[in-house]
Every structure is written in structure tokens, then in C-alpha cells.
Amino acid sequence: MLAALKNHPFAVEAFFKSSVVLTFAVPKKQLEQMIPECLELDTFQDEWAFVAVAMVQTNALRPKGMPKFMGNNFFLIGYRVFVRYTNAAGKRLRGLYIIKSETDKKKMEFMGNLFTHYNYTTTDIHQVHEGDRSTISSMRSDFSVTITKSDDATLPKGSPFADWKEARRFAGPLPFTFTYNERNKEVLIIEGVRENWVPMPVTVNDYHFGFIDGLKLQGAVLANAFIIENIPYYWKKGKREKWQ
């Protein structure tokens, strides 16, 4: 019974006050061992695969349909690999495979680990906003990133993308998130739904992610960085299917 609860048994909604996403391009062979057998890497030019760090301030997160006052405000950090999955109907789906999840509150850690497979841990989060410049950091998780919102933001140096239009394809979040039960050969598919999703490029002034450094990825470069603000979002109830 408890195991079944982890399969995202009901839809969840929230308001994204802000979501800052930094995406790192990595030679694809560096990531092939990090995803389960049912998934394939979502690549660019058949050379680059991608790991993204999403830092999201959510408001009124709650089971879909419940009144807003019953929701909670949480900060969420997700480290995700961009992947593709071919479902039972033969349709190729673009999505994300989560490799680490963090939050700023024990309540979200408890509830998240009760109803998902994302293995949340709790950490400290500090935010400083000064005009168009923002810094998000965590002592415990050893990360810090400073961004500036501007109309003339440029792609990070060394990005494999020629322009922001190319980079936008790998801005996230993608429509689906996948979890794999290797023992049962079962894939859990969770679809996210959003409106008016218009990511805005940002300039990354400085960044450090201890978790990314710990992966020891050779040849990784910061490929893009975007922010979205004030977006309603919800995740549908999880859907399970057998793989092969």
C-alpha cells in the first residue's frame, strides 16, 4: 500500500512564483550510465546531452482541486537529465529523469517522499534580490548562483547553441518526468501542464554547484540559463506502463 502511494496517486497543482533553470551540456557518453535502460538521452547534434538544475519557488502547492489556503509554499531544487522515452503506443516523449531533489522544509521532504520516488532531502535556502540581480545559495548543499535579468542577456561562453532559439529547446521543464522500477520493468510517467510558459534568458554572473562538481563530468559547460515567473502549473496523476 505504501509503495503504491509513491506513484504520484493524484494530481498536484502549484503557482510558480519563479523558476530559475541552468542547463549544462555534457558529452553524451558522460551521462549514459546515469539513466535507466528504458530511457535514452535527449541530445543536441548527437553529441551533447544535458543536466539541468531547477530552483523553483512554489506557492500554494496542494492536491489539485483543493482551495489555495490549504496549500504550502516550498522552495524546490531538482537536478535532472534530459531524456526521451518511447511509450507503449510507440510515441516518443521528451522529458526529465530526476537524479536529486531538495527542498527547504521538512514537510515537503516527508510528503514528497510519501507520494513520489524523488528522494527529497531538506536543505537551507538563502535568497537575496536586489533589483534585477538575484542570488540563490545553500551552505548545506554547497551551491550558489547569481543571475541578472536583462533584455540583452547573452549565451554562456562555450555554449553549444548558436542562439537563444536553439537554447530554448533545452530550457525545461519538459512535459514529462519519468521514474523506472527496474524489478517490475515498469515506467511511471508524470505529465506537467502549464500556461503562458515564456522563459526569459538571464545572465549568469557566478555559479557553483557542489553536486554537479561531484558527478565529475568531463567536458561539461554551462549551455543556457532561463527564468520564468508567475505561472500556474500542475502535474497529472502518475501513469504506469510496462516496458518491453
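See above for the structure.
Residues numbered from 1 in each chain as written. Predicted model: local features only at pLDDT ≥ 70, side-chain atom pairs only at ≥ 80, totals over all residues. Heavy atoms only, no water.

Novice: Tell me about the side chain of Arg62, and name the residues and values.
Specialist: Looking at the element boundaries, Arg62 is found in strand β3 (residues 48-63). Side-chain polar atoms of Arg62 contact the backbone oxygen of Ala60, separated by 2.6 Å. Those residues in contact with Arg62 that sit more than four places away from it in its chain are Val12, Glu13, Pro67, Lys68, Met70 and Gly71. (Helix = DSSP H or I, 4+ residues; strand = E, 2+ residues; numbered from the N terminus. Polar contact = N/O pair within 3.5 Å; in protein donor to acceptor, adjacent residues only side chain to side chain. Contact = heavy atoms within 4.5 Å.)

Novice: Give a description of the nonpolar core that names residues and reports values.
Specialist: Among the nonpolar cores identified, the biggest contains 38 residues, and Leu22, Met55, Tyr85, Phe178 and Phe209 are the most heavily contacted of them. Elements that contribute at least two residues to this core include exactly β1 (12-27), β3, β4 (72-86), β9 (143-149), β10 (176-181), β11 (186-194), β12 (200-209) and β13 (221-235). Every residue in contact with Phe209, bar those within four places of it in the chain, is listed here: Leu22, Phe24, Val53, Met55, Tyr79, Asp142, Phe143 and Val145. Judged by nonpolar contacts, the second largest core, of 36 residues, contains Phe16, Trp48, Ala171 and Tyr233. (Core = buried A, V, L, I, M, F, W, Y, C linked by side-chain atoms within 4.5 Å. Buried < 20%, exposed > 50% of the residue type's maximum accessible area, 1.4 Å probe, protein only.)

Novice: Tell me about the packing of aromatic side chains, and please be specific about residues and values.
Specialist: Following the criterion strictly, the structure yields 24 aromatic pairs and no others. Centre to centre, the rings of Phe50 and Phe82 are 6.2 Å apart; their planes meet at 65°, and the pair counts as edge-to-face. Of this pair, Phe50 sits in strand β3 while Phe82 sits in strand β4; the two residues are 32 residues apart in sequence, bridging distant segments of the chain. Owing to a relative accessible area of 0%, Phe50 belongs among the buried residues under this scheme. Taking 6.1 Å as the distance between ring centres and 85° as the angle between the ring planes, the aromatic pair formed by Tyr180 and Trp243 counts as edge-to-face. Of this pair, Tyr180 sits in strand β10 while Trp243 sits in the segment after β14 (239-242); the two residues are 63 residues apart in sequence, bridging distant segments of the chain. Linked through ring pairs, Phe24, Tyr79, Phe143, Tyr207, Phe209 and Phe211 together constitute an aromatic cluster. Sitting above the plane of the Tyr234 ring, Lys64 keeps its charged end 4.1 Å from the centroid. Over the aromatic face of Phe170 sits the side chain of Arg94, whose NZ or CZ is 5.1 Å from the ring centroid. (Phe/Tyr/Trp six-rings, centres within 6.5 Å; stacked < 30°, edge-to-face > 60°. Lys NZ or Arg CZ within 6 Å of the ring centre and 35° of its normal.)

Novice: Please give an account of the environment of Arg140 that cites residues and values.
Specialist: Here Arg140 lies in the loop between β8 (133-138) and β9. Take Arg140: its relative accessible area is 60%, and that puts it in the exposed class. Setting aside anything within four residues of it in sequence, one finds Arg140 in contact with Thr122, Thr123 and Asp124. Of the polar contacts made by the side chain of Arg140, one reaches the backbone oxygen of Thr122; its length is 3.1 Å.

Novice: Any chance you could break down the pattern of salt bridges for me, citing the residues and the numbers?
Specialist: Per the counting criterion, the structure on display carries 11 salt bridges. Among the salt bridges present, the one from Glu13 reaches Arg62, with a minimum N-O distance of 3.5 Å. Taken together, the positions of Glu13 in strand β1 and Arg62 in strand β3 put the pair 49 residues apart, joining distant regions of the chain. Given a relative accessible area of 16%, Glu13 falls into the buried group. Measuring nitrogen to oxygen at the nearest pair gives 3.7 Å for the salt bridge that ties Glu186 to Arg240. In this pair, Glu186 is assigned in strand β11 and Arg240 in strand β14, connecting sequence segments 54 residues apart. Under the relative-accessibility criterion, Glu186 is labelled buried at 18%. Through salt bridges with shared partners, a single network forms among Asp42, Arg84 and Arg94. (Salt bridge = Lys/Arg side-chain N within 4 Å of Asp/Glu carboxyl O.)

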